[in-house]
Amino acid sequence: MKKVIVLGATSAIAQATVRLLAARGASLYLVGRNAENLEAVARDASTRGAPKVEFRALDLNDCEAHASLVERAWQALGGLDGVVLAHGVLGDQDESQRSWAAAELVLRTNFLSAASLLTELANRFEAQKAGTLVVISSVAGDRGRQSNYVYGASKGALSVFLQGLRNRLAKSGVAVVTVKPGFVDTPMTAHVPKNKLFASPEQVARGLLKAADARKNEVYVPGFWALIMLIIRSIPEPVFKRLKL
Amino acid sequence: MSPPDSWGRFPRVEQQARPLVWRSDALPSGERSLLPHGLGRSYGDSCLNAGGTLLLTSGLDRLIDFDPTTGVVRCEAGVSLDTLLRLCAPRGWFLPVTPGTKFVTVGGAIANDVHGKNHHRSGTFGRHVRRFELLRSDGSRRMCSAEENPDWFGATVGGLGLTGLVTWAEVQLVPIRNPFVVQETVPFENLDGFFRVSRESEADHEFTVAWVDCLARGRKLGRGLFYRGNFAPSQFERLPLVKSHLSHGSGLAVPMDLPAFCLNRLSVAAFNLLYYHRQRGRPSRHLVHYDPFFYPLDAVHGWNRIYGSRGFLQFQCVVPHATARDAVKEVLERSARGGLPSFLSVLKTFGDLPSPGWMSFPRPGITLAMDFANRGEKTWRLVEDLDRVTREAGGAVYPAKDARMSPESFAAYFPQRERFASYLDPAFSSSFWRRVNPVSLPLPSLEGRGDGAVPPASLLALR
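As the structure is a prediction and not an experimental result, all values here were calculated from the model. (Residues numbered from 1 in each chain as written. Chains lettered and ligands numbered in written order. Predicted model: local features only at pLDDT ≥ 70, side-chain atom pairs only at ≥ 80, totals over all residues. Heavy atoms only, no water.)

**A look at the overall build of chain B**
Then comes step 1: Each helix and strand in chain B was counted, giving 13 helices and 18 strands.
Then comes step 2: Taken over 463 residues, chain B has a buried fraction of 59%.
Then comes step 3: If you sum the accessible surface of chain B, you get close to 18,400 Å²; carbon and sulfur atoms cover 53% of it. (Helix = DSSP H or I, 4+ residues; strand = E, 2+ residues; numbered from the N terminus. Buried < 20%, exposed > 50% of the residue type's maximum accessible area, 1.4 Å probe, protein only. Areas by Shrake-Rupley, 256 points an atom, 1.4 Å probe, with all protein chains shown as cover.)

Pasting the structure below:
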C-alpha cells in the first residue's frame, strides 16, 4: 500500500497505523471530523517520513459526500492502492435500547457509511484490478450479546458485507482484509476498566498491516481472540441465551 | 486504569488518571488538583498527585516538524526522547542533552530540566529548548521562549509540571557525524583520583561520568571507573568494537519483583567488586553505539523491580566545588557504613553554564547519585543524614529523585521558590510540592493517604 486513504484517521488505531505507513514511505489522504486534530496527525505522518499527506475534515455519516471525497483523494494522491477504514463508534447499549435514534446512529456510522464508502472504493479498485481494502470490524460482530448487540450488529453486518465484497473482488486481484480487534486501550474505551485482554493501538496497527501485507482474509488481533471467539460462537443458542454476556 | 507509580515505586498513592489525547483540548476542570505525568521516570513523588488527577501525556506523542538542515524539532510534550532519537539519529542529529534513560518525555525533560553526561559542555536540557506552549487551567495558552513570556519560560523550565501543561515544545538538536561514540574507561583508585581524571578529561571530552564502588573504604574510598567519550568522527579510526548484549530491543526484562534475599550486602559487594575489576586497572578505548553508551540501564526493562515491592530511594545531590571533596567523602563514608549499599553510584562534575530555569537543580560543583533499597527506618535515617551533609555543604538535592526531603531543605536548596510560587497554576499540584510546602496546602481535604504534607518522621511510620 503506497497511496492510502485512511477513513477515521484520528482514531487511536488509525493513528498508530498511519505512523507505520508513514515510516514505510506511503502517501496518505486522511479523513476525520476535526480539522485541527487531523492536521496534528498529518504533520506527525509527514515528519515521520510520508512523502505526501493531505487531509480533509468531513463527517463520514454524510454518505452523499462520499463520491466526491473519494474522487478528491484519488486526484490528490494520483490514484489509490490502499484503504484503511477505521471510523466507528462504540455507542451506548442502554441508550440504544431506549432510543432508536441512538441505535440508528451506531448502525449508520459503523455499517451504512462504511458500506457506502466501500462501494465507491471497491468499484474503482475492481476497475484498476489492484489494491487492498483493510477494514476494522470487531469481535463483537461474531455473536450478538445482550451487553452490546447494537454495536455488534453494526460490525457483524460490516463483516458479512466484506465477505461478499471479497468474494466478488477475488477475481480482480483486489484484497479485502477484515480486521477483528478485541478490546483495545483507546479513548473509545477510556471508561472501561482495563485487564490483560486489552491490546494497545500499536499492537493492533502492527497486526493490521501484517494482515494487509499478506493479503489475509479475516484476522483477529491479537490472535488469541480467534480461539476466544471460536468458543463463544460454539456455545449452543439455548445455553447462550441464558448467559450474562 | 491502574494508577501509575513513580520509578522508585515509593510512595504509592491513591490518585486518578486522565489520558490527554489532543493538544487542542481543554484541561479537565473539577475540584481535584492536576499534574502532568509522562513516563513516570521520576523516582519519588514529584510525578505523583495523591488525591488528585494525573494528566497522562502519553497520548500527546505527535511530531510536528523536523528540519534536517537546521536540526530544529517541534513535537508534542508526550513524545519520548526515544522517539526523537529514532527520528533524528539516522539523519545526523542528536539530543543536545540526554539523561541516563531515553524513556522520558520532552515535557518531563523540561519540567525537571534534566542534565546529562555533557553538563560541563552544554548545561541542562532547558538551555536547548527554543520555545513551548503553556496551557493554563484558565484556558489561556502562552508561547514561552527567551523572548516571549521569558518569566513563564524561566518558571516552567525545571518547574516540576506545576505552572501548567506544556502542550508542545521546540528543541534545537546537535549534529553528529555517526551514531558511535569513542569511549574511554579510566580506573581511578580513590576520590582524589576522580578529581584528577575529571579535571584532565573535561577539556577534551564531551561526555564524562564516573561509576563509584561505594563499598570501598579507607584509602580506596571513592575508587571507580571514569567514562569519557566523544561522538566518533565520520571516518573513524579502527577501534575494537564493544558488542553490547544489552542493546535496545534485546527484550531483557525484569518480569516481577525480586524477593528481598536477592539483594543483600553480599550480592551488592560482589557486583561492585566484579564491576571494578572487570577493568583490571587498565584504561581502555572502544567504539560504542550511542544506545549502550547513554542508556545502559534501558536495556533491562523494569530494572527498578530488582528492589522488590517496597521500592527504593534515590539520592542525588550536588555540592559546590569548595566543599565538594569533604562532602562527597562524607556521603560515601556514611552510605558505606549505614544500611544496604547503593548498587550504582555515579559521580559527575557539573559545569557553570546557567540554566534558564529558576528551579533548575544543576549548579556548579560535583554531583553524586546513589540508590538505596527501601528498608524502612534505617534507610530513611541514612538518606536524611546525607541530606544534612548536602545542606551543610551548601549543595542541593534533586527533586526528580527525591521522596523525602524536608520543607527546610527544599527552601535552602531552591532560593527562588517564592518567585516561582507566584507562577504556579492554581489548579496544579503534586505530592512533592505539598510535602515541601506544608503551609501552602491548596486542597487539604483532598489528601489521599496523607503522604502530602506529612513530615518524614511520620512517613517512617507508614513503612
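**Let's talk about the interface of chain A and chain B**
Then comes step 1: The interface of chain A with chain B comprises twelve residues on the first partner and 14 residues on the second.
Then comes step 2: Summing both sides of the interface, chain A and chain B together bury roughly 1,300 Å²; the carbon and sulfur share of this comes to 51%.
Then comes step 3: It is A:N37, A:R43 and A:T47 in chain A that bury the most area against chain B; as a group they hold 38% of the surface buried on that side.
Then comes step 4: For the pair chain A and chain B, the number of links is one salt bridge. (Contact = heavy atoms within 4.5 Å. Buried area = accessible area lost by both parts, 1.4 Å probe. Salt bridge = Lys/Arg side-chain N within 4 Å of Asp/Glu carboxyl O.)

**Observations regarding the sheet that holds strand β7 (residues 129-135) of chain B**
Two strands in a sheet stick together by hydrogen bonds in their backbones, pointing the same way (parallel) or opposite ways (antiparallel).
Then comes step 1: One open sheet accounts for five strands, arranged β4-β5-β9-β7-β8 (chain B); its pairing is antiparallel. The open sheet has two edge strands with one neighbour each: β4 (63-67) and β8 (141-145) of chain B. Strand after strand, the sheet turns through a mean of 10° between neighbouring axes, direction not considered.
Then comes step 2: Sheet analysis places β7(B) next to β8(B), joined by five bridges and oriented antiparallel. Across the sheet, the residue bridging to B:L134 is B:R142, located in β8(B).
Then comes step 3: Lying on the sheet, helix α2 (residues 35-47) of chain A is in contact with β4 and β5 (72-76) of chain B; it crosses β4(B) at an angle near 35°. (Pairing = 2+ DSSP bridges. Axes fitted to C-alpha atoms, helices over the stretch in contact; angles between N-to-C directions.)

**Thoughts on the packing of aromatic side chains**
The description of an aromatic ring pair uses the distance of the two centres, along with the angle that the planes make with each other.
All names here are of chain B.
Then comes step 1: Per the counting criterion, the structure on display carries 31 aromatic pairs over all chains.
Then comes step 2: Plain terms: the ring middles of W358 and Y423 are 5.1 Å apart, the flat faces sit at 80° to each other, and that makes the pair edge-to-face. Of this pair, W358 sits in the loop between β16 (345-350) and β17 (365-373) while Y423 sits in the loop between α11 (417-421) and α12 (431-436), and the two are 65 residues apart along the sequence. As far as the burial class goes, W358 and Y423 line up, both buried.
Then comes step 3: Joined through ring pairs, the aromatic side chains of F94, F207, F231, Y290, F293, F294 and Y295 make up one cluster.
Then comes step 4: Between the NZ or CZ atom of R142 and the centre of the ring of W152, over which it lies, the distance is 4.2 Å. (Phe/Tyr/Trp six-rings, centres within 6.5 Å; stacked < 30°, edge-to-face > 60°. Lys NZ or Arg CZ within 6 Å of the ring centre and 35° of its normal.)

**Describing the pattern of salt bridges**
All names here are of chain B.
Then comes step 1: For the coordinates displayed, the defined rule picks out 41 salt bridges over all chains.
Then comes step 2: Across the salt bridge formed by D65 and R74, the nearest N and O atoms sit 3.9 Å from each other.
Then comes step 3: E189 serves as the salt-bridge partner of R196, at 3.8 Å between the closest nitrogen and oxygen.
Then comes step 4: Using a relative accessible area of 38% as the deciding quantity, one classes R196 as partly exposed.
Then comes step 5: Classification of E189 by relative accessible area gives partly exposed; the value is 39%.
Then comes step 6: One network of salt bridges, in which partners are shared, links D45, E384, D387, D402, R404 and R435.

**Quick look at helix α7 (residues 201-213) of chain A**
Residues three or four positions apart in an α-helix share a direction because the helix packs 3.6 residues into each turn.
Residues and elements named next belong to chain A.
Then comes step 1: In this model α7 runs 18 Å from its N-terminal to its C-terminal C-alpha over 13 residues, within 8% of the 18 Å that 1.5 Å per residue would give.
Then comes step 2: Within the sequence span of α7, burial applies to P201, V204, A205, G207, L208, L209, A211 and A212.
Then comes step 3: Along its buried surface, α7 packs onto α1 (12-23), β5 (132-136), β6 (175-181) and β7 (218-221). (Expected span 1.5 Å × (residues − 1).)

**Digging into a nonpolar patch on the surface**
Then comes step 1: On the surface, A:F183, A:L197 and A:F224 cluster together into a nonpolar patch covering about 230 Å² of accessible area.
Then comes step 2: With respect to the element layout, A:F224 can be found in helix α8 (residues 224-234). (Patch = residues over 30% accessible without salt bridge, like charges linked within 9 Å, V, L, I, M, F, W, Y side chains within 5 Å.)

**Observations concerning the nonpolar core**
Then comes step 1: B:L84, B:I110, B:F125, B:F132, B:Y290, B:F294 and B:L347 are the most contacted members of the largest nonpolar core, which totals 100 residues.
Then comes step 2: Apart from residues no more than four positions distant in its own chain, B:Y290 is found in contact with B:L85, B:A89, B:F94, B:P179, B:V181, B:F231 and B:Y295.
Then comes step 3: Counting residues in each nonpolar core, the second largest holds 33 residues, with A:L21, A:A26, A:L30 and A:A42 among its members. (Core = buried A, V, L, I, M, F, W, Y, C linked by side-chain atoms within 4.5 Å.)

**Considering the UniProt feature "domain: Ketoreductase" (unreviewed entry) in chain A**
Then comes step 1: Summarizing the sequence annotation, UniProt attributes the feature "domain: Ketoreductase" (unreviewed entry) to residues 2-187 of chain A in the numbering used throughout.
Then comes step 2: Between the end C-alpha atoms of residues 2-187 of chain A there is a gap of 28 Å, over a span that is 50% helix and 17% strand. (UniProt positions renumbered as here; feature names shortened; annotations may be inferred.)

**A short note on the packing of helix α5 (residues 191-202) of chain B against helix α8 (residues 321-337) of chain B**
All names here are of chain B.
Then comes step 1: α8 packs onto α5 with a crossing angle of 135° between their chain directions and a minimal axis gap of 11 Å. On the basis of their axis angle, the class for α5 and α8 is oblique. In terms of crossing hand, the pair formed by α5 and α8 is right-handed. Here L191, D192 and F195 of α5 lie close against α8, whose contacting residues are A324, R325, V328, K329 and L332.
Then comes step 2: Split into classes, the residues belonging to the contact of α5 with α8 amount to five nonpolar, no polar and three charged. (Parallel < 35°, antiparallel > 145°, perpendicular 65-115°, else oblique. Left-handed = near helix turned anticlockwise from the far one by under 90°. Nonpolar A, V, L, I, M, F, W, Y, C, P; charged D, E, K, R; others polar.)

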